[in-house]
Amino acid sequence: MEKQDQRNFLIAMALMVAFVFGYQKVFMEPAQKRFEAQQAAITADEQTGVSVSELSNLPAIAATKTVEEAISGPGRVKFDGESVDGSIRLAGSRIDDLSLRKHYLTVEKKQEIRLFRPEASEYGYFATYYWADGTSLVAGRNSPWVQVGLGKLTTISPIKLRLETPGLTIDRTVSVDANYMFSFEDTLTNTGDAERSVRAIGSVERHGDYKGFLEATDPGSATASGLAHMGLMGVVDGELRMKKYKPLLALKNIDGETDEGTFPSTEGGWWGLTDKYWLGALVPQQDRPFNGIVNKKSIATDGPLEVRTESEAFTLAPGASQTTRNSIFAGAKRFEVLQDYQNKEGIPRMVDAIDWGWAFFLTKPFFYVLEYLAGVLGSFGWAILAFTVLIKLPLVPLFNQSYKSMAKMKKLQEPMKELNERFAADPQRKQQEIMKLYKQEGANPVGGCVPILFTIPIFYALYKTLYVTLEMRQTPFLFLKDLSAPDPTAIGNLFGLLPWAASDIKAIPVIGVVIGIGILPLLYGITMAALQSLSPAPTDATQKMVISAMPIVFTFVFGGFAAGLVMYWVWSNILSFAQQYFIMRRNGVDTELGKTISRLLGREKEPAD
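Since the structure is predicted, the reported quantities are computational estimates derived from the model, not experimental observations. (Residues numbered from 1 in each chain as written. Predicted model: local features only at pLDDT ≥ 70, side-chain atom pairs only at ≥ 80, totals over all residues. Heavy atoms only, no water.)

J.: Break down the sheet that holds strand β21 (residues 321-332) for me, with residues and values.
T.: Read across the sheet, nine strands follow the order β7-β9-β10-β11-β21-β17-β16-β13-β14 without closing on themselves; strand pairing throughout is antiparallel. Strand pairing shows two members of the sheet lacking a second neighbour, β7 (146-148) and β14 (239-244), which therefore form its edges. On average, adjacent strands in this sheet sit at an angle of 20° to one another, irrespective of strand direction. As paired strands, strand β16 (residues 269-274) and strand β17 (residues 278-283) are joined by four bridges and run antiparallel to one another. Bridging from a neighbouring strand, Trp-271 pairs with Leu-282 of β17. (Pairing = 2+ DSSP bridges. Helix = DSSP H or I, 4+ residues; strand = E, 2+ residues; numbered from the N terminus. Axes fitted to C-alpha atoms, helices over the stretch in contact; angles between N-to-C directions.)

Rendered as C-alpha cells:
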C-alpha cells in the first residue's frame, strides 16, 4: 500500500473507531440509564375554561399534586376494560387517568404503564372531545358533565353523561372496546329558539418536558437514538404526517400543512401524539371531513403541547337532534390490534402508527414473517433463529460464489507475498503482476464483498423491526428476560450465576465497560473473529492489525444492542462460518481452524524435505 493510501486508510479507520465509541457513549449509555430509571409521580393545578381560540393557550403551572392525589375524591367515573383501567374526569368529560393492564414498567410486572395523567399532576396528558358553536365553546375544558345513572365503564357496560347548557343539551354515551378505543357517541339537541351551528373539537394535550414524560412513562423506551419516531403522527386524506417532538416544539414546518395551519382530510383518518410503543390519538367520525391542527400558539407561549381535530360543522334547527360518534385511541401500538382497527373499522393506515421507517418494504414483511413464526414456534426467540435461516436461503448461491472467490484469494496469499517482496521498488510493475495473477487464477478481489450489499439493509431492517415493534418488548427467551433489552448477563456476574445486576456492573468506573459485557456480545466477537480467519488476510501489516481489532470493537458496540438483534447476528455468523468453511475445504484451501484441529489431533502434515 502506498504511503498516501496508507495514511487515508488509517484516517478512515480512526474515524470509524471514534464513531463506534462515540455512538456507544452518546446513544447507548443514556438509553441504558433510562432503561433503569423509575417512574415518577408528581403534580400541577387545574386550569379554568376558555374560548376556542384559547383552548389550551395557558402558561405552564407549577405541580401541586401527585397522580394519586389528583385522581382521588368525587367527580370521576371509573372504567375497567380488558386492556385499560382508570377514570374519567366529569369536569370536561376528559380521559385523564389511564393505565395499560397488559403492559408494565419492568419485567417483574408489578406496576402498569400509566399513559394518561391528570392535568393537576406532573406530565399531565389527557384527551377528550369539546363542542363549539362558532367561536364559543359550549362544551369546554371544565364544563360540568354529570353521570346519568350509576356504575363504572366496562367493555360490556357503557356510561351515559349529560351536559345542559343554555339552548343546547348534549347526551354522551362513552364506551370502550376490548383493546384501546374509547367511543364518544354524542346526541346534541337544540333546546333554544334559534339555529345552532356546532362542530366537534377533539383534543390531545400533554404538559411538561417531553423527555421527562418519556422517562416517567416508560424508561425502556425513553431513548435519544431517534430510530423510532416519537412526536406528532396522523393520517389525513391517506397521507401519513409526522414530526418529531424536538422540531415540533421548535415550530418547524410540517409537510402538508396549509396556509391556514391545518391538515384537511375528507377521507377519514386520525391525529395524535406517538411515543415508541404508545399512542394517544383522535379518531373523528370517519364519514365527516375534519382538519388536523397543531396548537402552535400554545407552544409559542410555553403552554402545553396540544393537537386537535375540528370536524365539519352541522346545523341544528330549534328542537332538532343529531348524533355523532368520535373516538379516542389510548394504548399500545400492538400490530394485531392496529390491523383490526384498519381492516374492520375502516380507519386508514392505522398500522402505520408503528414507525416502519424508509425501509418499510423490508420491515413490514420481516415483521409479518416473525409474527407468523412466533405463532408457530411459540416464541419470538425461536422465530428470530428460524427467520435467520429463511433470510440466508435465498442468498446461498450468491454467498457460494463469494466464498469461492475468497477461497481463491486465500490460495493466492503466498504468491502475492512473493510479488510484493520481488517488486517492492516498482509499485506499477507489482500491480501489473498481481492483476496478471488474478486473471490466471480467475480470482476476483472484490467478489467477497458483494454479499455485504445485501446484508447491510437486511441488518438495518431487522434492527428497525425489533426496535419499534411492541411484540418484542419484555418477551423472554431462554436466559433472556427481555429480547428488546440489552443482554442481562455480564462477565462480572459470571454470566448470571452471581446475583448482581449487569447494569450495576456496567456502572463501575473504568472496568465496568469491560466486565459488564454479556455473553451474547462476546459470542458475536468470537464468531466475527472466526469468520475473519476464513478470509484472506491483508498483506499490509497496519490493515491486518486494524481488521483484527474489529471483533473487539464491535463486541463493545453490541453490548448495548437489543439482545434479540445480537442473537440474530451471532446465529447468522455461525451459519455463515459453516457455509464458508465447507466451501473453502471443497476448494482445497487450508483454514486456520483446520490447521488448529489437525494440530490438536496430531495430524498436521510434516514439511517436505
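J.: Outline a nonpolar patch on the surface, supporting the account with residue identities and numerical values.
T.: Judged by side-chain polarity, Tyr-372, Val-376, Leu-377, Trp-382, Leu-478 and Phe-479 come together as a nonpolar surface patch covering roughly 680 Å² of accessible area. The element contributing the most residues to the nonpolar patch is helix α7 (residues 360-377), with three residues. As for its placement among the helices and strands, Leu-478 is situated in the loop between α11 (450-468) and α12 (502-506). Residue classification places Leu-478 among the exposed residues on the basis of a relative accessible area of 67%. (Patch = residues over 30% accessible without salt bridge, like charges linked within 9 Å, V, L, I, M, F, W, Y side chains within 5 Å. Areas by Shrake-Rupley, 256 points an atom, 1.4 Å probe, with all protein chains shown as cover. Salt bridge = Lys/Arg side-chain N within 4 Å of Asp/Glu carboxyl O. Buried < 20%, exposed > 50% of the residue type's maximum accessible area, 1.4 Å probe, protein only.)

J.: A description of the side chain of Glu-205 should follow, citing residues and the corresponding values.
T.: Looking at the secondary structure, you find Glu-205 in strand β12 (residues 196-206). Judged by its relative accessible area of 0%, Glu-205 is buried. Only 2.8 Å separates the side chain of Glu-205 from the side chain of Arg-141, close enough to count as a polar contact. (Polar contact = N/O pair within 3.5 Å; in protein donor to acceptor, adjacent residues only side chain to side chain.)

J.: Any details on the nonpolar core? Residues and values, ideally.
T.: Ranked by internal contacts, the top residues of the largest apolar core, which has 120 residues, are Ile-95, Leu-98, Trp-131, Phe-182, Trp-270 and Phe-329. Look past the residues within four positions of Leu-98 in its chain and what remains in contact with it is Phe-79, Val-84, Asp-85, Ile-113, Arg-114, Leu-115, Phe-116, Phe-182 and Ala-330. (Core = buried A, V, L, I, M, F, W, Y, C linked by side-chain atoms within 4.5 Å. Contact = heavy atoms within 4.5 Å.)

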